Amino acid sequence: MRRVAQPLFGLALYAWLFQAAVAEGVAQRSLPDLVLNLARLQDAAARGDAEAGALQMRMLSNVSAELMKADPLRLPDAPSLRAAIIYVLSGGRPSDVEVLLRATPDSEPLRWILRGAVQFATGEKAEALKTLTPFKPETLPASIGGRVALAMAALLPEGETVEKARLLEFAARQMPGTLVEEAALRRLAILAAAQDDPLQFQKTAERYVWRYSASLYAGGLMKDYVAQIVIFEAKHKPISRLAFEVLMNRLPAMQRCQAYLGVARQATSLGLADLALYASTRARRLAVQGSAEWSEATLYDAAILITGPDYDIARDLLREVNGSQLDAQGKAMLSSVETLAARMHADFDSAPAQKSAPDSRVLPLEQQVLSDKVSKAVAAADTMLQGLTP
């Protein structure tokens, strides 16, 4: 009950915070106050508040306007510098803090952290890492320590996986319930995948879904998760079906359906028949009969079964597919499967002595070519397997 009520309360709270900060005629708030409200909106978006997600862009603009008013002759105080660091590391425009940087003496440590944040945001990775390395996130104020750790983890070379993981874990634990934790957990899952560690990948993905399944940014991780499930299967390092089901059961039915469809699509393209059939069957159970999702899942079922002993079942499934609901690649796949089914049916009818359905292990060359076209059609539908996006 608490988890359900929180977003409803958050919606009213963050809408009020935004209105208090930007509504015309309301007294101007300080830069730290504005940035605090921005952070609260972003944290609410990480917990699934769509209105907060929409408001944060306007709040970023409001903070930007406040920064542009900064007096270049006035030395900024520590709270303003911390607010500027948070702003830049929260998607703010790096150029907005140039006045603060010029007005801050080199002897102020926060100036260099702000400079490193600007370099990070502008893509100067080597310079940013050099600037930020002297600062240990553990020694920084809580409001910026987690954000700096998140940035430093992204800046480290690919080979430094242990230090990357340590920084991400620190960021997640330093700022629980925030966008920083949400982003850190996403990156930990991707890091485990890059290390080819299915157990750690599954554990981190479960941890993320347990805390942030409603996040406005969860879709990105779920796409990576789906792709990685198939990759591990292809490498003969499968994630257990039970662990997969536990994670799926924490998602809403529609999200589960889409995840299963993603696995079925990519598994079919790689010829991973068991995984593809497992996923497409579950997608069919979750989809509304006659819907686009139903047609897509049914097509994958048919594509897998058509070249095996369940040929007749596959032909029946093909009749349930509504081709008008498929995208261009789905239509191409349907055409290939139907052509293959017709050719196999003709060959079967021309050999009356053969009483059993065709066996995929003894397909004639032409049929094997058509079967290959099925996989190619699906592969073209999704390029996720080309690599995960950090």
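First, a word on scope: everything that follows refers to the structure included in this document. (Residues numbered from 1 in each chain as written. Predicted model: local features only at pLDDT ≥ 70, side-chain atom pairs only at ≥ 80, totals over all residues. Heavy atoms only, no water.)

This part is about the packing of aromatic side chains. The full count for this structure, using the stated rule, is seven aromatic pairs. Linked through ring pairs, Phe201, Tyr225, Phe232, Phe244, Tyr260 and Tyr278 together constitute an aromatic cluster. If you follow Arg111 out to its NZ or CZ, it ends over the ring of Trp112, 5.0 Å from the centre. The ring of Trp294 has Arg284 sitting right over it, with the charged end atom 4.3 Å from the ring centre. (Phe/Tyr/Trp six-rings, centres within 6.5 Å; stacked < 30°, edge-to-face > 60°. Lys NZ or Arg CZ within 6 Å of the ring centre and 35° of its normal.)

Scanning all chains against the criterion turns up 17 salt bridges. The residue Glu182 makes a salt bridge to Arg186 at a minimum N-O spacing of 2.8 Å. Pair noted here: Glu182 and Arg186 are both in helix α10 (residues 179–194), with a separation of four residues, about one helical turn. Here the residues in one salt-bridge network are Glu138, Glu163 and Arg166, joined through shared partners. (Salt bridge = Lys/Arg side-chain N within 4 Å of Asp/Glu carboxyl O. Helix = DSSP H or I, 4+ residues; strand = E, 2+ residues; numbered from the N terminus.)

Turning our attention to helix α6 (residues 109–121). Residues that lie three or four places apart on an α-helix share one face, since the helix turns once every 3.6 residues. With 13 residues, α6 should reach 18 Å at 1.5 Å per residue; the first-to-last C-alpha distance of 19 Å fits that figure. Among all positions of α6, only Leu110, Arg111, Ile113, Leu114, Gly116, Ala117, Val118 and Gln119 are buried. Those residues of α6 that are buried lie in contact with α4 (78–88), α5 (98–103), α7 (125–132) and α8 (142–155). By the N-cap criterion, in which a side-chain oxygen at the helix start approaches the backbone nitrogen of a residue two or three places on, α6 is capped by Glu108, the distance to Leu110 being 3.0 Å. At the C-terminal side of α6, Gly123 shows a positive phi close to 85°. (Expected span 1.5 Å × (residues − 1). Buried < 20%, exposed > 50% of the residue type's maximum accessible area, 1.4 Å probe, protein only. Contact = heavy atoms within 4.5 Å. Polar contact = N/O pair within 3.5 Å; in protein donor to acceptor, adjacent residues only side chain to side chain.)

So, on to α4. Counting buried positions along α4 gives eight out of 11 residues, so the element sits mostly inside the fold. Inspection of α4 places Ser80, Leu81, Ala83, Ala84, Ile85, Ile86, Tyr87 and Val88 among the buried residues, and these make up the whole buried set. Looking at the buried side of α4, the elements it contacts are α2 (31–46), α3 (50–68), α5, α6 and α8.

So, on to the packing of helix α14 (residues 253–269) against helix α15 (residues 273–286). A packed helix pair is summarised by two numbers, namely the angle formed by the two axes and the spacing between the axes. At their nearest, the axes of α14 and α15 sit 8 Å apart, and the two run at 150° to each other. Between α14 and α15, the angle is such that the two are roughly antiparallel. Taken as a pair, α14 and α15 cross one another with a handedness that is left-handed. In this structure, α14 contributes Ala253, Arg256, Cys257, Tyr260, Leu261, Val263, Ala264, Ala267 and Thr268 to the contact, and α15 contributes Leu275, Ala276, Tyr278, Ala279, Ser280, Arg282, Ala283 and Leu286. Its residues placed into classes, the contact of α14 with α15 shows 13 nonpolar, two polar and two charged. (Axes fitted to C-alpha atoms, helices over the stretch in contact; angles between N-to-C directions. Parallel < 35°, antiparallel > 145°, perpendicular 65-115°, else oblique. Left-handed = near helix turned anticlockwise from the far one by under 90°. Nonpolar A, V, L, I, M, F, W, Y, C, P; charged D, E, K, R; others polar.)

Counting 111 residues, the largest nonpolar core has Tyr87, Val97, Leu114, Tyr225 and Met248 as its most contacted members. Counting residues per element, this core draws most heavily on α10, which supplies 10 residues. In contact with Leu114, not counting residues within four places along its chain, are Leu81, Ala84, Ile85, Val88, Val97, Leu100 and Leu101. (Core = buried A, V, L, I, M, F, W, Y, C linked by side-chain atoms within 4.5 Å.)

These values are about where atoms sit, not about what they do.
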